[in-house]
Amino acid sequence: MAFMYHVASSEHRESIAANGLLASLDSTGFGAVFLADALPKDCSGFDIWVVDVDGLALEDDHTGEPEHGSWWMHFGDIQPERLTIHAPDLSPKFSPSMF
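Residues numbered from 1 in each chain as written. Predicted model: local features only at pLDDT ≥ 70, side-chain atom pairs only at ≥ 80, totals over all residues. Heavy atoms only, no water.

## Observations regarding the environment of Leu 22
Along the chain, Leu 22 turns up in the loop between α1 (13-19) and β2 (33-36). Residue classification places Leu 22 among the partly exposed residues on the basis of a relative accessible area of 27%. Between the alpha carbons of Leu 22 and Phe 75 there is a distance of 9.5 Å; along the sequence they are 53 residues apart. When residues no more than four places from it in sequence are discounted, the contact partners of Leu 22 are Val 33 and Asp 77. (Helix = DSSP H or I, 4+ residues; strand = E, 2+ residues; numbered from the N terminus. Buried < 20%, exposed > 50% of the residue type's maximum accessible area, 1.4 Å probe, protein only. Contact = heavy atoms within 4.5 Å.)

This is how it looks when you write it as structure tokens:
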């Protein structure tokens, strides 16, 4: 199996676990799911998902490079069966009770 990584806000954890990664929610306008071939170093406030990319059509992302590795795009949804949460965001969330 070949794997890549996707970083997403922990606010979307339940939706991603239930529905997968949806290209229609891409805020860049490309209509793609963005993946990195190297594990991101610092993603505090975000979940890191491992994506099984076997059989997925991937294209180089020419919008810029991450600090390490390369970005890739998949023009379609990625089903939840292909996803495993690697590093869930465990940082405390803002709450009035914190003050």
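After presenting the structure, the write-up continues.
## Quick notes on the confidence of the model for the chain
Close reading of the predicted structure is inappropriate where its pLDDT is low. Predicted confidence across the chain gives a mean pLDDT of 82, with 81% of residues reaching 70 or more. Taken element by element, the predicted model of the chain shows its lowest mean pLDDT in strand β6 (residues 83-87) (87) and its highest in α1 (94). Every residue in residues 92-99 scores below 50 in pLDDT, and together they form 3 contacts with partners more than four places removed in sequence or on other chains. (pLDDT = per-residue confidence, 0-100.)

## Here's the deal with the pattern of salt bridges
For the coordinates displayed, the defined rule picks out 1 salt bridge. Taking the shortest distance from any N to any O, the salt bridge between Asp 47 and Arg 13 comes out at 2.7 Å. Of the two residues, Asp 47 is situated in strand β3 (residues 46-52) and Arg 13 in helix α1; the sequence distance between them amounts to 34 residues. (Salt bridge = Lys/Arg side-chain N within 4 Å of Asp/Glu carboxyl O.)

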